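Observations on the three-dimensional arrangement
Next come the chains, spelled out residue by residue.
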Amino acid sequence: MRLIFFGPPGVGKGTQAQIVSRKLGIPHISTGDILRNEVKNKTPLGLKAKSYMDEGTLVPDEIIIEMMKNRLSESDCSVGFILDGFPRTLPQAQSLDRMLSELELSLDYAVNFEISEEEIVKRLTNRRVCSKCNSIFNLLIDQLEDNARCPRCGGELYQRSDDRSEVIRRRLEVYHEATRPVLDYYKEKKILLTVDANGSVKEVTNRLLSLLNSSTS
Ligand code: AMP
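Below: a short report on this structure. (Residues numbered from 1 in each chain as written. Predicted model: local features only at pLDDT ≥ 70, side-chain atom pairs only at ≥ 80, totals over all residues. Heavy atoms only, no water.)

**Structural notes on the packing of aromatic side chains**
Taken as a whole and assessed by the stated rule, the structure comprises three aromatic pairs. Geometrically, the ring pair formed by Phe6 and Tyr175 is tilted, given 6.3 Å between the ring centres and 50° between the ring planes. With Phe6 in strand β1 (residues 2-6) and Tyr175 in helix α7 (residues 165-179), the pair connects residues that are 169 residues apart, well separated along the chain. One exposure class covers both Phe6 and Tyr175, and it is buried. (Phe/Tyr/Trp six-rings, centres within 6.5 Å; stacked < 30°, edge-to-face > 60°. Helix = DSSP H or I, 4+ residues; strand = E, 2+ residues; numbered from the N terminus. Buried < 20%, exposed > 50% of the residue type's maximum accessible area, 1.4 Å probe, protein only.)

Here is the structure:
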């Protein structure tokens, strides 16, 4: 299955993508994770992307599109994929269509995750990520102390530098201006599904899987 997980930062799409990717046996491709890895390794791509990411603005389309062309041509994508954080602009969505049609593939669904802005800010400020296995946690939901280690692998948990409140505001503005129009693009293609992202991780996963099941059967 070829899926896009779509929605504002902090809605929980990365968490759900990690779970559903394991369940369906398809790769989870997060442009944010790829970029953070490049930044960590101080690669030329990482050095270019860092300032945009620190400010909460978008990395230029041509950089992202080139990066995704390479990623989607890797062999693990032959079984399908979940795209998380891409496409984030209309030119990215149009490029994705071109990339897929060159590979004679098409998307199954774009899944839109919906919650209130108040809940988003709460989730983002309490989000912690494992520096070793990339698992995502929430201090409140997972009942973790601020200095806790990763419950899954014991790695160090950190707060993303763009999860500070001043950057969160900017990221939400960017979402409304540049990314939200992508929703209409998939609505017109009649492949948009919407899932209520309120509630526990498990509740959202169950809702999401039954939506995917009922849409594909
Ligand atoms: P995320 O982990 O998806 O919230 O992404 C973190 C940051 O990486 C974003 O705030 C952007 O600066 C950058 N980024 C990730 N995906 C994209 C994309 N598709 N287009 C442009 N910038 C991106």
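**Comments concerning the site of the ligand**
The local shell around the ligand holds 16 residues, among which Thr31, Thr57, Gly85, Arg88 and Gln92 are the closest. For the ligand, a nitrogen atom lies 2.8 Å from a polar atom in the side chain of Thr31. Considering every element that reaches the shell around the ligand, the biggest residue donor is helix α2 (residues 31-40), with four residues. Partitioning the shell around the ligand into residue classes produces six nonpolar, five polar and five charged. (Near = heavy atom within 4 Å. Polar contact = N/O pair within 3.5 Å; in protein donor to acceptor, adjacent residues only side chain to side chain. Nonpolar A, V, L, I, M, F, W, Y, C, P; charged D, E, K, R; others polar.)

**What to know about the pairing of strand β4 (residues 109-114)**
For β4, a buried count of five out of six residues is recorded, marking the element as mostly surrounded by other parts of the structure. Note: β1 against β4, four bridges, orientation parallel. Bridging across to β4, Phe5 finds its partner in Val111. Examined bridge by bridge, β4 and strand β8 (residues 192-196) share five bridges and lie parallel to one another. (Pairing = 2+ DSSP bridges.)

**Thoughts on the pattern of salt bridges**
All told, the structure shown has 16 salt bridges when counted by the stated rule. Salt-bridge contacts for Asp162 lead to Arg160; the nearest nitrogen and oxygen are separated by 3.0 Å. Note on accessibility: Asp162 and Arg160 belong to one class, buried. A single salt-bridge network, built from bridges that share partners, covers Arg127, Arg160, Asp162, Asp163 and Arg171. (Salt bridge = Lys/Arg side-chain N within 4 Å of Asp/Glu carboxyl O.)

**Structural notes on the nonpolar core**
For soluble globular proteins, the rule of thumb is that nonpolar side chains tend to be buried together. Core analysis: the largest hydrophobic core is formed by 29 residues, its most contacted members being Leu72, Leu83, Leu96 and Tyr186. Considering each element in turn, this core owes the most residues, six residues, to helix α4 (residues 61-72). Ignoring anything within four residues of it in the chain, the contact list for Leu83 reads Leu3, Ile4, Phe5, Ile29, Met68, Leu72 and Leu96. Among the nonpolar cores identified, the runner-up in size contains 22 residues, and Val11, Tyr109, Ile115 and Leu193 belong to it. (Core = buried A, V, L, I, M, F, W, Y, C linked by side-chain atoms within 4.5 Å. Contact = heavy atoms within 4.5 Å.)

Any link to function would need more than the numbers given here.
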